[in-house]
Amino acid sequence: MLGLLQKDFYTIKKQAKIMIFILVFYLIFGIMNDSPSFFLAFLLIFSTMMPLTAMAYDERNQCDKLFLCMPVSRRDLVSSRFLLGLILTIVSNLIGIICSITVFKEDRTENLLILGIIWGLCLFYFSICFPIALIFGVEKSRYAMMGLIFIPTIAVALLAKQGYLNPIFDFVEKNTTMIEVCILSIIIGFIIYLISWLFSVKFYENKEL
Amino acid sequence: MNALEFKNVTKHYDDFTLDNLNLTIPSGCIVGFIGENGAGKTTTMKLIFDLVKADQGEINVFGKSNKTDSKEIKEHIGVVLEEAGYPETMNIKEIESVLSHVYKTWNTKKFSELCTKLSLPAKKPVKDFSRGMKMKLSLSVALSHESKLLVLDEATSGLDPIVRDELLDIFLEFIQEEDHTIFISSHILSDLEKICDYIAFIHKGKLLFFEEKDALLQKYGVLKASRAEISSLAPSCIIGTRENSFGIEALVNLAKYNGNQQLDKATIEDIMLYHTKGAKAC
């Protein structure tokens, strides 16, 4: 497992450097506008995308086939990607927390709660994307994965603009606190992550390579 | 002990069936696995690693099941696939570091020695390697843990004669240990003729024969004759024929040959070609 994780880190090393550069841009942008939302959102989205990027590289080079000829099980291979996703989102969260405390001093609590909500959403997003990529291949499912981000985002934005979501927002605002939404998001995110991992292992154990 | 055993292994695809494969490879020998494209060589090799699932039958490596003892078995199998499969962004140093965590029996010193011997650059990413270098890297990895069985799928294809010769020397060095075995598929039959002890020939998913190479080469001869001369021979001695502008060439089974014409020595390539393309055409 350690070897597989190390391989993925080496594989995404170059991509990660580009991502860090973009994140620094968003950080500066956020400081100038005193609005950390974009920075915090992209921080977690990038960390979710990284395991899928590693998977795309491996798919292109047929690495999985080679590693399965080594003392590596199919379960190890799938689990390493889920572990990588978890490690990267945790590291991103820590960076986000540090930035929220040190750089973005206003709305500190709100920023931390937003970070938690985004974490849950990212785990959910990865949980959906990973099995799709496993079944159809990363390249083939790239558009489906992008659609999974943009279609709901645009749909929610449009519906919210037209006021259709106001009853839901009012209900949430009256009946829940932000901290409850944050905790719920993380718990649901983790449960779906676990289900996705179990499904992915089961699927991959029967996949013909 | 047998290095590799296929017992009644069958694998169905829509357009191809690997049909009831029975093959036992003893330890300490080099087995060449030959057959045309799509005959089932790669499927057979994938089955060893359970990359594809057999519909029936069992596969044992070193006497252990390739399903239940998979990790333990793979610790002692070195593999070279047609496509190297190493992450292209990584260099040899990084690959070494990764594999030292993958194999319990990994030998860093041996890997470094092999890389130096084969002139592999430590810091160049794999994507900048030539095909020959990628094959050398795969082979270096295959030999740097306690491999007792090398499974080589088209390892020498697409390489120049000098690199091929280097690799063949390494195979011969590996086989010096009496419990070491090589199972190699290649379209370059002259390479197999140089190094193999046994030849396994698969055609349209069926194993046509598995014989000692020397016995195989002594079993057949190539007859160049006219159609009338060929027709006068006992049909059972003719394996296959091919017609060209100078007459007819036939692969004949020497044990059943009843003619008196001079025969040429048959090569592995002749034996494969006549068994497939020219089988009983005349």
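Residues numbered from 1 in each chain as written. Chains lettered and ligands numbered in written order. Predicted model: local features only at pLDDT ≥ 70, side-chain atom pairs only at ≥ 80, totals over all residues.

### A word on the overall build of chain B
Then step 1. Counting its regular elements, chain B contains ten helices and 14 strands.
Then step 2. In terms of C-alpha radius of gyration, chain B reaches 21 Å, essentially the compact-globule figure of 19 Å for 282 residues.
Then step 3. For chain B, the spread of C-alpha atoms along the three principal axes comes to 65 × 40 × 35 Å.
Then step 4. Of all 282 residues assigned to chain B, the portion counted as buried reaches 42%.
Then step 5. Taking as baseline every contact in chain B between residues at least 6 positions apart, the subset at least 24 positions apart corresponds to 69%. (Helix = DSSP H or I, 4+ residues; strand = E, 2+ residues; numbered from the N terminus. Rg over C-alpha atoms; globule rule 2.2 N^0.38 Å. Buried ≥ 20, exposed ≤ 12 C-beta atoms within 10 Å, placed from the backbone. Contact = placed C-beta atoms within 7 Å.)

### Things to note about the environment of B:Glu75
Residue and element names in this part refer to chain B.
Then step 1. Locating Glu75 in the fold gives a position in the loop between helix H2 (70-74) and strand E6 (77-80).
Then step 2. A tally of 19 C-beta atoms within 10 Å means that Glu75 is categorised as partly exposed.
Then step 3. Along the chain, Glu75 and Ser97 lie 22 residues apart, while their C-alpha atoms are 17 Å from each other.

### Focus on the interface of chain A and chain B
Then step 1. At the interface, 22 residues of chain A touch 24 residues of chain B.
Then step 2. For the side of chain A that touches chain B, the secondary-structure elements that each account for two or more residues are helix H1 (2-33), helix H2 (37-61) and helix H3 (63-68) of chain A.
Then step 3. With seven residues, the top contributor of residues to the side of chain A that touches chain B is H1(A).
Then step 4. Looking at the side of chain A that touches chain B, its residues break down into eleven nonpolar, six polar and five charged. (Nonpolar A, V, L, I, M, F, W, Y, C, P; charged D, E, K, R; others polar.)

### Comments concerning the packing of H2(A) against helix H5 (residues 108-136) of chain A
In a packed pair of helices, the relevant descriptors are the angle between the two axes and the axis-to-axis distance.
All names here are of chain A.
Then step 1. Two elements in contact, H2 and H5, have axes whose closest approach is 9 Å; the angle formed by their N-to-C orientations is 25 degrees. One element, H2, and the other, H5, form an angle in the roughly parallel class. Our pair here, H2 against H5, has a crossing hand that is right-handed. Here Ser37, Leu40, Ala41, Leu44, Ile45, Thr48, Leu52 and Met55 of H2 come into contact with H5, specifically with Asn111, Ile114, Leu115, Ile118, Trp119, Cys122, Tyr125, Phe126, Cys129 and Ala133.
Then step 2. Residues of the contact of H2 with H5, tallied by class, amount to 15 nonpolar, three polar and no charged. (Axes fitted to C-alpha atoms, helices over the stretch in contact; angles between N-to-C directions. Parallel < 35°, antiparallel > 145°, perpendicular 65-115°, else oblique. Left-handed = near helix turned anticlockwise from the far one by under 90°.)

### Regarding the nonpolar core
Then step 1. Within the largest apolar cluster, 130 residues are counted, with the highest numbers of intra-cluster contacts made by A:Ile118, B:Val31, B:Val151 and B:Phe183.
Then step 2. The dominant element in this core, judged by the number of residues it contributes, is H5(A), at 16 residues.
Then step 3. For B:Phe183, the contacting residues outside a window of four places in its chain are B:Leu4, B:Ile25, B:Val31, B:Phe33, B:Leu149 and B:Val151. (Core = buried A, V, L, I, M, F, W, Y, C linked by C-beta atoms within 7 Å.)

### Side note on the pairing of strand E7 (residues 149-153) of chain B
Note on strand geometry: in a regular strand, side chains alternate between the two faces of the sheet.
All names here are of chain B.
Then step 1. Summarising burial for E7: five of the five residues are buried, a large majority.
Then step 2. The alternating pattern of E7 places Leu149, Val151 and Asp153 on one face and Leu150 and Leu152 on the opposite face, and all of these are buried.
Then step 3. When E6 meets E7, the two strands line up parallel, connected through four bridges. Looking across to E7, one finds that Gly78 is bridged to Leu150.
Then step 4. Sheet topology places E7 next to strand E8 (residues 181-185); five bridges connect them, and they run parallel. Within E8, the position partnered with Leu150 by the bridge is Ile182. (Pairing = 2+ DSSP bridges.)

### As for the sheet that holds E7(B)
Residue and element names in this part refer to chain B.
Then step 1. Here we have six strands laid out as an open sheet, ordered E6-E7-E8-E3-E9-E10, and mixed in their pairing. The sheet terminates laterally at E6 and strand E10 (206-212), the two strands that pair on one side only. On average, adjacent strands in this sheet sit at an angle of 15 degrees to one another, irrespective of strand direction.
Then step 2. As paired strands, strand E3 (residues 30-34) and E8 are joined by four bridges and run parallel to one another. Among the inter-strand pairings, Ile30 is bridged to a residue of E8, identified as Ile182.
Then step 3. Across the sheet, helix H1 (residues 41-48) lies against E3, E7, E8 and strand E9 (198-203), angled at about 145 degrees from E7, the strand it touches most.

### Focus on unusual backbone geometry
Then step 1. Notably, B:Ser119 is not glycine yet its phi reads approximately 55 degrees, a positive angle.
Then step 2. Classification of B:Ser119 as exposed rests on a count of 9 C-beta atoms within 10 Å.

### Concerning the sheet that holds strand E5 (residues 64-65) of chain B
Then step 1. In spatial order, the strands read E2-E1-E4-E5 (chain B); together these four strands make up an open sheet with antiparallel pairing. The two strands at the open ends of the sheet, each matched to only one other strand, are strand E2 (17-26) and E5 of chain B.

### Some thoughts on the domain arrangement of chain B
Residues and elements named next belong to chain B.
Then step 1. Domain boundaries in chain B define domain 1 (2-204) and domain 2 (216-276).
Then step 2. Listed as interface residues are eight residues of domain 1 and, on the opposing side, seven residues of domain 2.
Then step 3. Counting only elements with at least two residues in the side of domain 1 that touches domain 2, the list comes to helix H7 (189-195) and E9.
Then step 4. Residues that form the side of domain 1 that touches domain 2 fall into these classes: five nonpolar, one polar and two charged. (Domains from an automatic or database assignment.)

### Concerning the environment of A:Asn93
Then step 1. By the element assignment, A:Asn93 lies in helix H4 (residues 74-102).
Then step 2. Other than its neighbours up to four places away in sequence, A:Asn93 contacts A:Leu115 and A:Trp119.

### A closer look at the confidence of the model for chain B
Then step 1. For chain B, per-residue confidence averages 88 on the pLDDT scale, and 98% of positions sit at 70 or higher.
Then step 2. Across the interface, the model reports ipTM at 0.86; the global pTM reads 0.85. (pLDDT = per-residue confidence, 0-100.)

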